[in-house]
Every structure is written in C-alpha cells, then in structure tokens.
Amino acid sequence: MEMTEMTGVSLKRGSLAVEDNDSLTPAEEAKRQKVSEGWLTKGQDGIDNNSPPSCENVPGLPEVVSAGKRKKHSDAPLPEEEEEEEDGLSEEGEEEGEAESFADMMKHGLTELDVGITKFVSSHQGFSGILKERYSDFVVHEIGKDGRISHLNDLSIPVDEEDPSEDVFTVLTAEEKQRLEELQLFKNKETSVAIEVVEDTKEKRTVIHQAIKSLFPGLETKTEDREGKKYIVAYHAAGKKALANPRKHSWPKSRGSYCHFVLYKENKDTMDAINVLSKYLRVKPNIFSYMGTKDKRAITVQEIAVLKITAQRLAHLNKCLMNFKLGNFSYQKNPLKLGELQGNHFTVVLRNITGTDDQVEQAMNSLKEIGFINYYGMQRFGTTAVPTYQVGRAILQNSWAEVMDLILKPRSGAEKGYLVKCREEWAKTKDPAAALRKLPVKRCVEGQLLRGLSKYGMKNIVSAFGIIPRNNRLMYIHSYQSYVWNNMVSKRIEEYGLTPVPGDLVLKGATATYIEEEDVNNYSIHDVVMPLPGFDVIYPKHKISDSYREMLTADNLDIDNMRHKIRDYSLSGAYRKIIIRPQNVSWEVVAYDDPKIPLFNTDVDNLEGKPPPVFASEGKYRALKMDFSLPPSTYATMAIREVLKMDTSIKNQTQLNTTWLR
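Source: prediction; values computed, not measured. Going along each chain's sequence as written, the residues are numbered from 1 onward. Per-residue local features are limited, in this predicted model, to residues with pLDDT of at least 70; the limit for side-chain atom pairs, both in listing and counting, is 80 or more; totals at the level of whole chains, interfaces and linings are taken over all residues. Hydrogen atoms and water are omitted, and side-chain values are computed over all heavy atoms in the structure.

Engineer: In this structure, what is going on with the sheet that holds strand β17 (residues 528-532)? I would like to understand it.
Structural biologist: Two strands in a sheet stick together by hydrogen bonds in their backbones, pointing the same way (parallel) or opposite ways (antiparallel). Pairing between strands is defined by DSSP: at least two bridges between the two strands are required. Secondary structure follows DSSP: runs of H or I at least 4 residues long count as helices, runs of E at least 2 residues long count as strands, and numbering of each begins at the N terminus. Read across the open sheet, the 4 strands follow the order β16-β15-β17-β18; overall the sheet is antiparallel. Only two strands of the sheet have a single neighbouring strand rather than two, namely β16 (511-514) and β18 (574-577). Each adjacent strand pair in this sheet contributes to an overall mean axis angle of 55 degrees, direction not counted. As paired strands, strand β15 (residues 505-508) and β16 are joined by 4 bridges and run antiparallel to one another. Residue pairing in the sheet places K508 in a bridge with T511 of β16. Note on method: axes are straight lines fitted to C-alpha atoms, helices fitted across the in-contact stretch only, with angles between N-to-C directions ranging 0 to 180 degrees.

Spelled out as structure tokens, the structure:
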C-alpha cells in the first residue's frame, strides 16, 4: 500500500456539499463506550454534521438541531436551557440574499490543511467531478441493526379492525378543524367547541367523535342536545398536559404502542422533517424516535417510530406533504434508539468527471480494497472565519471571555447585513441587549448567547453560554477533539505509513491494547485505532504519543487532566479507526447529455413504476455512479475525497470557480 501527500488541486469542481454518515450525538457521546467501526462507540449515533446553528450558516449545508432529551449535568450550576423564541422569519426569508455573498464569505473559510486533513492512502492520479450538482445525486439508505438496508417499497396500511373509517379525514370542515386546533393548542379563551351534526345519524356522530379524538390528541368529546339539534362538544380532558401524551385508553391493548415506518425525504434534515410531521399530526416532536439523523441536501431513507399514532393517520400525510413519503408501516412494542443502526448505504453520482476509465478503475478498486483515512470531514469544523474548534479549545481552557468573543466578534468575509450590524454593535458597546436588537433571527447561537448575557450579565458568561442547547455547546469541544485527532492521524501515517507498528493501539472488545513487536504480523492497518484526547483513554507507545502531548501543551491544555470543573465539558475520550474500508462497493461510468436528468431511480420512482434511465454509449458528459456502505460516524465526503484526490473544503471549491447555490 502506498501513501501520498495531498497536493494543490487546480481542476474546476462543482457544487460540493457535505454529508456526514450520522456522526455522534454529543449527548449520547458522553456515555460512550469505545467500540464501533467509526467513532468506536457502543452504537450511539445521531447528529453532528456541522457547528452549532449560526446566523451565518450556509444553505445547502447540514443544519444542526439538537435532539433527544436535554439533561443538566455539571458540578458548577448551569441555567436551564430556555425555549427558543419564534423570530417571525420563514426559512426562505432567512436564506434570501445568501447566494450573492457566499463566495466572498468562503474566501475566509477553512481548508483541509487547516484541520489536519493532508494524506491519501492511494497512489492513483486524481480527477475532477461535480458532487451534489443536484441533491438527488446523493441518496442515503439507513442500514438497520439487523443489517437490512431501509427501502420505501410498500405504501399499504396494516389491516386493523380498530381503525376508524377514512371518513374521519373528511367529515370536519376546514373552519371546524381551525377552531378545534385553536382549542387544542389553547390559542383562544374558549373552553369547548360545539359542532352541529347535520344529517344526524348515530354513524355520523360516531365518525365525528372519532375524527376529533384521533386528529386532535388531548380533546375529549360528548354529545349534547341544544334546542332540538345534536351537537358534538369537544373539550380539554387533562389541562395543558393533554397535548404531551397521546390518549392511552383509545389505543388497543393488543397493538404495539409504536408505529414504525420508513421515511423518504428530499432536501430536509431529519429534525426538520419530524417537526413538520408533528405539526401536521398536532403532537409534540418528542414522541418520535429514530436511530440516526440524515442531512438536508440529499435524498434519504430511514426508519422512524412514533408513539400511538396509527398507520392510517401517517399514511394520510402522503396526500398533503411534498418531498416526503411514508410507508412500510408496522406496529411494534418498542421505540427506536439512537445508534442502533449498523450504518448507511450511499448512492452517489459524480457528474462531469474528467478521469479516464482506467483512472476511475484504479480509484474505485483502491477504495474497495484499501479504503480511506477516517478523517472528520470539513462540516465538523464550521463554515466561517472562526472555526468551531477554536471555541472548543477556549471552553476547555476555561477562557470564557474568549469563548464569548470568538462567537460574537466581527469577522472577515461577507455576512448578512443584520449580523454585521449586530457584531459591530457588540464590538462598539459590549451591550448584549443593544446587539440583540440588531438581530431579527434569535434562534442562532449568537442570539442565544446574547439573550444569556442579557439575563445573567457579563460577569456570568458560563451561565449565559448555558442557555445554548447542550448538544450544540458540546459540539464545540467535540470539534476540538476532532481537530486534534485529524492532525495526529496525519502524523501517524506520515511517520509509519500504512502498516501496523509496535506501540499502535487496537481494540480487544471495548478495551484498547498495545500491539507488541511479536504480534505485529497478526494485525492490519484496518485494526489500528487512535484516541480522541480525554481522561479515559491511553495513547500510542511511539512518537505520536509525544505529538499528542506537544499539541495539547501548545494549546495550554494538560493531557493528563482532561476533566473540567464543569462536568459537561470533561472529556472522557474515545477510540476511532484510522482507516475505513467501505462495504458493498460498486460503480459504473455512464454517459449523458442533459445535466438535469436523474441518473438513477429513487425508491419513489420505483413505486411509481418509472423505468430506469437508459444510457447511450457516448454522450456530452460522463458521470461516475458509485455505491458503498459505511459504518456509523464516518464521513462519505472523505471516501469521495480519496477517489477524486481533491480538497473537499468549501473554500477550495469556491476558489476553483464553483457554483453552490443553483
């Protein structure tokens, strides 16, 4: 096996956007045990595709939304995280005007070199290709804990005699539904809503009762006679807590409490999708569960479970939602858990490739037989002039004034006008309330921190910072761990190449052990792991151990004491394989003329009976269609980087005259 250094690339690239293979949820990461292919954890797998949500996040990049239960763990008290307030702006409104400033902004962004991504494992010559020219060129299918790849291939509803008739979806008028929703959500002062039963029959009354109870969880109904007319009266059964829990007594005991289904979505991340579903179903998002999150700029297929919502109601959403499809329904006793998946299967199209058939063959054979360096991808480190790992380092140093400054200070590169004004106001006055008034988007990390500073004061930055959701706070320090790991693995490969050496680490079960000289021949490079720094890991017994110590010492951190006085920020560490070999690798080069045509069928195309695309032997353009499976918490973009031999940073893409926003 040969190892090559990354060199400058002068080929013109296309609209590369990033997709992470379900990196760890920080909340789950804290509990990790060091065993799995990617993060080598005990199967905790969730979101971590970018930095915490910032007002300057770039469209097309994965959007980070904290998920799961938020817990407060610290030796020093942290404030309760507050509900994020509505800012009155739509997604579309927030993104308006970003396209024209994008290239300028990214001139000041990071390159792979900045975050330690410098090596390749293969010796083939790189070539150019356009990744994610269309989001439909990137398809992700979840691999469940049983090893099966999730597909949407059945829209039928399980037969259940307990289900009400389809009439429940049509018996109420739009005005009646509006009044019931306002009652359900306590949006008016009414304590009940009365619906007159026209064409009164017992069957009609039954359908109305069923419609209200199934479509508006938390409402009870009764029949009343008023002046000779029949009315169905809806009212709250259990006060304001009624919306939180689906009705217990209306769910058949013989049926599993959870409806599992396959969710097909386009250009929407998992948490956004669940928020949309919960809005249409009029339930809280926390009754949904899933094994891992999927990014926005892709077509993704994954399993979701929801508590006590019927397949009938879920299937009805297919009639009113765009870019979503729900199917493969079944009732189960248990929800899904983060990290239960085995990984993800990717189908990726690289359009307009320049490589010869021979180059492609060499590149893909190398990916199949050797694999790629398991670097943390660029999305781990944010997209602006202030990398997230710098904030993480300041947190670990307990330098809270620097944490505040790094998040709020003015920075190079074009930003939206209101954010520039907010930062200028902060730099000029150091008045959080005044700076916050310049910021219409309050949900971003800058807005949350400013609200915290307004509430707790400038002398209590720790509590102010604690207003930011826990998952997003932890992403900063995990970004620093990833930064260290990338740099160390590059040094390890530079020093010792792609063969195991005495002093390297391998896992035996969940325990890391050293490779002894007499055992070197019993291992391959695919067995070798390296630690993310923390208080519960060991380091290699060779030169790279000194490199870890030198790097942390240079950052004013003590490698022998990675505990923080705030327990949330104590790093236990973990182990991560240095080389990943994808499974189920296949590829083909196809010719095409129209850059807008799809080059393969999706699950929905197959359900609709669309014939697969037919390719000519020659065409204006050539594309590489590749399929591969990856374990959790590995980055598909790092596999693609190995094939193309290119820098995957947004900065490099824009410098190479690319167009991201189409």
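Engineer: I keep staring at the sheet that holds strand β8 (residues 229-236) and nothing clicks. Help me out?
Structural biologist: Here we have 3 strands laid out as an open sheet, ordered β6-β8-β7, and antiparallel in their pairing. Of all strands in the sheet, those bounded by a partner on one side alone are β6 (192-196) and β7 (219-226). Across the sheet, the mean angle from the axis of one strand to that of its neighbour is 25 degrees, orientation sign disregarded. Pairing geometry for β7 and β8, over 8 bridges, is antiparallel. Across the sheet, the residue bridging to E220 is Y235, located in β8.

Engineer: Looking at this structure, how should I read the side chain of Q302?
Structural biologist: Within the fold, Q302 resides in strand β11 (residues 299-307). Of note is the side chain of Q302, whose polar atom sits 2.8 Å from the backbone oxygen of G292. Within 3.5 Å is the distance limit for a polar contact, defined as a pair of N or O atoms, with the added protein rule that one can donate a hydrogen and the other accept it, and that residues adjacent in sequence qualify only through two side-chain atoms.

Engineer: I'm lost on the packing of aromatic side chains in this one. Help?
Structural biologist: Geometry of an aromatic ring pair is reported as the spacing of the ring centres plus the angle between the planes. Planes of paired rings set the category: under 30 degrees apart is stacked, over 60 is edge-to-face and the rest tilted, where pairs are Phe, Tyr or Trp rings (Trp by its six-membered ring) whose centres lie within 6.5 Å. Applying the stated criterion to the full structure yields 14 aromatic pairs. An angle of 35 degrees between the planes, with centres 5.3 Å apart, marks the rings of Y592 and Y621 as tilted. Pair noted here: Y592 is in strand β20 (residues 583-592) and Y621 is in strand β21 (residues 621-630), with a separation of 29 residues, a long-range link. With relative accessibility at 23%, the residue Y621 sits in the partly exposed group. Three or more aromatic residues joined by ring pairs form one cluster here, namely F381, Y389, Y480 and Y483. The side chain of R255 reaches across the aromatic face of Y331, ending 4.7 Å from its centre. Two thresholds decide whether a charge sits over a ring: the Lys NZ or Arg CZ must be within 6 Å of the ring centre and within 35 degrees of the ring normal. The residue whose ring lies beneath K541 is Y514, and the NZ or CZ to ring-centre distance is 4.4 Å. Think of it in three bands: with a 1.4 Å probe and only protein chains considered, a residue is buried below 20% of the maximum accessible area for its type, exposed above 50%, and partly exposed in between.

Engineer: Looking at this structure, how should I read the nonpolar core?
Structural biologist: Note that soluble globular proteins tend to have their nonpolar side chains buried in a common cluster. Core analysis: the largest hydrophobic core is formed by 102 residues, its most contacted members being F465 and M626. For this core, the leading source of residues is helix α15 (residues 470-496), giving 10 residues. Among buried residues, those of type Ala, Val, Leu, Ile, Met, Phe, Trp, Tyr and Cys that are joined through side-chain atoms within 4.5 Å constitute a nonpolar core. Counting 26 residues, the second largest nonpolar core, distinct from the first, contains L263, I274, F288 and L317.

Engineer: Help me out: how do you make sense of the pairing of β21 in this one?
Structural biologist: Summarising burial for β21: 8 of the 10 residues are buried, a large majority. Across 7 bridges, strand β13 (residues 343-351) lies against β21 in antiparallel orientation. The partner of V349 across the bridge, within β21, is K625. Where β20 and β21 come together, 8 bridges link them in antiparallel fashion. Along β21, the bridge assignment pairs S586 with D627.

Engineer: For this particular structure, what's the right way to read helix α8 (residues 357-369)?
Structural biologist: In an α-helix there are 3.6 residues to a turn, and that puts residues three or four apart on one side. In a regular helix each residue adds 1.5 Å, so 13 residues correspond to 18 Å; α8 covers 18 Å between its end C-alpha atoms and thus fits that length. Within α8, burial applies to Q359, V360, A363, M364, S366 and L367. End-on view of α8: buried residues confined to an arc of 155 degrees, all on one side of the axis. Residues of α8 that are exposed and point more than 90 degrees away from the buried face comprise D357, D358 and E369. By definition, residues are in contact when any of their heavy atoms lie within 4.5 Å. Next to the buried residues of α8 lie β14 (372-373), β20, β21 and α18 (636-644). Two residues or fewer past α8, G371 is found with a positive phi of approximately 105 degrees. To estimate the expected span of a helix, count its residues, drop one, and scale the result by 1.5 Å. Directions are taken from the helix axis to each C-beta atom, and the arc is the one they span.

Engineer: What am I meant to see in helix α11 (residues 417-429) here?
Structural biologist: Over its 13 residues, α11 extends 18 Å from the first C-alpha to the last, a length consistent with the 18 Å expected when each residue adds 1.5 Å. Buried residues of α11: L419, C422, R423, E425 and W426, and no others. End-on, the buried residues of α11 take up no more than an arc of 160 degrees, which puts them together on one face. In α11, the exposed positions that point more than 90 degrees away from the buried face belong to K421 and K428. On its buried side, α11 packs onto α10 (400-408), α12 (432-437) and α13 (445-456). Phi for K430, located one or two positions after α11, is positive at around 55 degrees.

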